[in-house]
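Descriptive analysis of the structure
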Amino acid sequence: MASATFRGIGGREITISTGLFIDNEFVPAISGATLEVENPNTASHLATVSAAQKEDVDRAVESAEKAFATWKKADPSTRRSLLNKLADLVERDGPELSSLEALEAGILYKDSLGLHVGQSVENLRYFAGWADKIDGATLSIPQGLAYTRREPIGICAAIVPWNSLMIFFWKLAPAIAAGNTLIIKTAELTPLWGQKVGELIKEAGFPPGVINILPGLGDVAGRALTEHLSVKKVAFTGSTATGRKILTAAARTNLKKVSLELGGKGPSIVFDDADWENALLWTTIGITASNGEICIAGSRIYVQDTIYEKFLVEFSQRTSNAIQGDPLLADTTKGAVASKAQLDKILSYVEKGKKSGARLLNGGERLPGDGYFIANTAFADVGQHDAIMQEEIFGPFASIAPFRTEQEVIDKANDSNYGLGSAVFTNNVSRAMRVSEALETGTVTVNCWGLVHANTPFGGVKESGFGRDMGLEALEGWTSTKTVKYNILN
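Described in the following lines is the structure provided in the data block.

Helix and strand counts for the protein come out as 15 helices and 22 strands. Computed over its C-alpha atoms, the radius of gyration of the protein comes to 23 Å, within 12% of the 23 Å expected for a compact globule of 490 residues. Over its C-alpha atoms, taken along the principal directions, the protein stretches across nearly 75 × 65 × 40 Å. Taken over 490 residues, the protein has a buried fraction of 58%. Of the contacts formed within the protein by residues at least 6 apart in sequence, a portion of 74% connects residues at least 24 apart. In the protein, which carries 48 positive and 56 negative side-chain charges, the distance between the mean positions of the two groups comes to 5 Å.

This is the structure in structure tokens:
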């Protein structure tokens, strides 16, 4: 099978197979179809990988079906050991995984290694610990006894986005711990780290067919998975528009189980009693981390009117001080956005912001160089119903507005189709409790932004989707409950 070689951190040579990972082997697409992968930091060709077509999805499903017959009966300690082994390998090869993510997605190497790889390892070990603790309940019924069993769903699929390798493991770890087999479609923009993970899965000793990895187009491979009658669940992270298509496909075919983690337009609320430096730190991180290309980005910032102008000055200074360049280098604080299409989308919202009459604080322009670099951008005095306040942009683009009262900002924060994450900054514990309870989001962080942990569930409400990654709630989403009832005869 063909391979591709890259230079990663410190000049390290990284070689990966470029085929579809099916039955623990890398194979070309039956038709020979391929994907071209670009380096967004240089706007140059990076690699060519196989692209799964419908017939390749069928082949992966057959592999997963065959494996499930024995995998579902495997002792839970086997699943635990294999997940822990995979965690060790991901940790060992973290520098290679993070190098690949930097090359194909523009994500800073240091952020990828510290957060994305770290979270991947944490989730693998957390759910490895659950593998032999998936229990049912014993229930009393008239003239008898009942008990429940939590069983694997069967052949499952996960469709993961281009912006973070840790989301790959948010799906994989609980699915495998619960005893399912899993087919993962990686994003067409960033399939390379998934190829590396395939090598680690085989090295860890997973049986062939338990985990298959398919790079491919969403409209081809993703659609084939969502419509396949043998696939019993699809877990998806991505846009709300695609989430709607997946729900429609599930309803039209076999009513497969679906979990969706979709778009976001996260509000960060800064009250005038908040710790000043802490609020500035986290609101800055909230829109610049991963270039703002994360669904939970704190892209709507509401600041109490008594500190509003002071906040604008400080926030603008901090977000303007970015060092663009090669994301593999330690001094770089801004890589490229993931593609030319994403760059153009962000720039189109800059024009919308200007036309709306909002005040451009900083940024708003493409940065020099061959890659897809855009300056950190912030608009102030943004109207509540302006496009830049309501629509997900997916870039380093903050929309800021003032508020006077607690109820006013709650109403503004909840005035959104999205409900993924939010952040509240205040030193008043009672206020923090009131506002957290009132916000219509799946996650609320207080005096910080965007923290994720393997034991805390993550997901949204409203058009940000349903279902949860991480935590016990995620594990429940990868199992089916069977009830067994005994009638005790006299």
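For the structure shown, the criterion picks out 33 salt bridges. Between Lys171 and Asp469 there is a salt bridge, with the nearest N and O atoms lying 3.1 Å from each other. Of this pair, Lys171 sits in helix α5 (residues 165-177) while Asp469 sits in the loop between β21 (465-466) and α15 (471-477), and the two are 298 residues apart along the sequence. Judged by its relative accessible area of 1%, Lys171 is buried. Measuring nitrogen to oxygen at the nearest pair gives 3.1 Å for the salt bridge that ties Arg244 to Glu463. On the criterion of sequence distance, the pair formed by Arg244 in helix α8 (residues 240-252) and Glu463 in the loop between β20 (443-446) and β21 is long-range, its members being 219 residues apart. For Glu463, a relative accessible area of 29% corresponds to the partly exposed category. When salt bridges that share partners are traced, they join Arg92, Asp93, Glu96, Lys196, Glu199 and Glu203 into one network.

To continue, consider the pairing of strand β6 (residues 44-50). As paired elements, strand β5 (residues 34-39) and β6 share six bridges and run antiparallel to each other. Note that in β6 the partner of Thr34 across the bridge is Ser50.

Another point: the side chain of Thr18. Tracing the chain through its elements places Thr18 in the loop between β2 (13-17) and β3 (20-22). What makes Thr18 buried here is its relative accessible area of 4%. Contacts of Thr18, omitting those with residues within four sequence positions, involve Met1, Ala2, Ser3, Ala4, Thr48, Val49, Ser50 and Gln195.

Our focus in this paragraph is a nonpolar patch on the surface. A surface patch of nonpolar side chains, amounting to about 300 Å² of accessible area, comprises Leu145, Tyr486 and Ile488. Judged by its relative accessible area of 47%, Tyr486 falls in the partly exposed class.

If you trace the three strands from one edge of the open sheet to the other, you get β7-β8-β22, paired in antiparallel fashion. Only two strands of the sheet have a single partner each, and these edge strands are β7 (138-141) and β22 (479-487). Adjacent strand axes in the sheet meet at a mean angle of 25 degrees when their direction is disregarded. Here β7 runs beside strand β8 (residues 144-152); their pairing, made up of four bridges, is antiparallel. Bridging from a neighbouring strand, Ser140 pairs with Leu145 of β8.

Counting across every chain of the model gives zero disulfides. As a non-bridged cysteine, Cys295 has Cys448 as the owner of its nearest cysteine sulfur, 16 Å distant. The exposure class assigned to Cys295 is buried, which follows from its relative accessible area of 11%. Relative accessible area serves as the criterion here: at 13%, Cys448 is assigned to the buried category.

Looking now at unusual backbone geometry. In this structure, Asn24 is a non-glycine residue whose phi angle is positive, near 65 degrees. Inspection of the secondary structure assignment puts Asn24 in the loop between β3 and β4 (25-27). At Met470, a position not held by glycine, the phi torsion is positive, near 70 degrees. Counting through the fold element by element, Met470 comes out in the loop between β21 and α15.

Read across the sheet, seven strands follow the order β16-β17-β18-β15-β14-β19-β20 without closing on themselves; strand pairing throughout is mixed. Because the sheet does not close on itself, it has two edges, and the strands there are β16 (359-362) and β20. Strand-to-strand twist across the sheet, computed as the mean angle between neighbouring axes with direction ignored, equals 20 degrees. Bridge count between strand β14 (residues 267-270) and strand β19 (residues 421-425): three bridges; the pairing is parallel. When the sheet's bridge partners are listed, Val270 is paired in β19 with Phe425.

Turning to helix α11 (residues 340-356), a few remarks are in order. The terminal C-alpha atoms of α11, which comprises 17 residues, lie 25 Å apart, in line with the 24 Å expected from a rise of 1.5 Å per residue. Looking at α11, one finds that the buried residues are Gln342, Leu343, Ile346, Tyr349, Val350 and Gly353. Angularly, the buried residues of α11 cover 125 degrees about the axis, an arc narrow enough to put them on a single face. Set apart from the buried face of α11 by more than 90 degrees, the exposed residues are Ala341 and Lys355. Tucked inside the fold, the buried residues of α11 contact β17 (377-380), α12 (387-390) and β18 (397-403).

What follows covers the nonpolar core. Membership of the largest hydrophobic core comes to 64 residues, with the highest contact counts inside it found for Leu86, Leu172 and Phe206. Considering every element that reaches this core, the biggest residue donor is α5, with eight residues. Apart from the residues within four sequence positions on either side, Leu86 is in contact with Leu124, Phe169, Leu172, Leu200, Ile201, Ala204 and Phe206. Residues Val303, Phe311, Phe315 and Ala398 belong to the second largest nonpolar core, which totals 37 residues.

The rules we used
Counting restarts for each chain, with residues numbered from 1 along the sequence as it is written. Side-chain atom pairs in this predicted model are given and counted only at pLDDT of 80 or more, local residue features only at pLDDT of at least 70, and totals for whole chains, interfaces and linings cover all residues. The basis for every side-chain value is the complete set of non-hydrogen atoms in the structure, without hydrogens or water. Secondary structure follows DSSP: runs of H or I at least 4 residues long count as helices, runs of E at least 2 residues long count as strands, and numbering of each begins at the N terminus. Radius of gyration: C-alpha atoms only; globule rule: 2.2 Å multiplied by the number of residues to the exponent 0.38. Three labels apply to residues, based on accessible area from a 1.4 Å probe with only protein chains included: buried if under 20% of the type maximum, exposed if over 50%, partly exposed otherwise in between. We call two residues in contact when some of their heavy atoms are within 4.5 Å. Charge convention: Lys and Arg are scored as positive, Asp and Glu as negative, and His as well as the terminal groups of each chain are ignored. The atom standing in for a charge is NZ when the residue is Lys, CZ when it is Arg, CG when it is Asp and CD when it is Glu. Note on definitions: salt bridges are taken to be side-chain nitrogens of Lys or Arg within 4 Å of carboxyl oxygens of Asp or Glu. At least two DSSP bridges between two strands are required for those strands to pair. Patch rule: a residue counts if its relative accessible area is over 30% and it has no salt bridge; like charges are joined within 9 Å, and nonpolar side chains (Val, Leu, Ile, Met, Phe, Trp, Tyr) within 5 Å. In short, Shrake-Rupley with a 1.4 Å probe defines the accessible areas, and a residue's cover is counted only from the protein chains shown. Angular values range over 0 to 180 degrees, each being the angle between N-to-C directions of two axes fitted as lines to C-alpha atoms, with helices fitted over their stretch in contact. The criterion for a disulfide is a pair of cysteine sulfur atoms lying within 2.5 Å. Multiplying 1.5 Å by the helix residue count minus one yields the expected span of that helix. By definition, the arc is the one covered by directions from the helix axis to the C-beta atoms. The definition of a nonpolar core used throughout is a set of buried Ala, Val, Leu, Ile, Met, Phe, Trp, Tyr and Cys residues joined through side-chain atoms within 4.5 Å.

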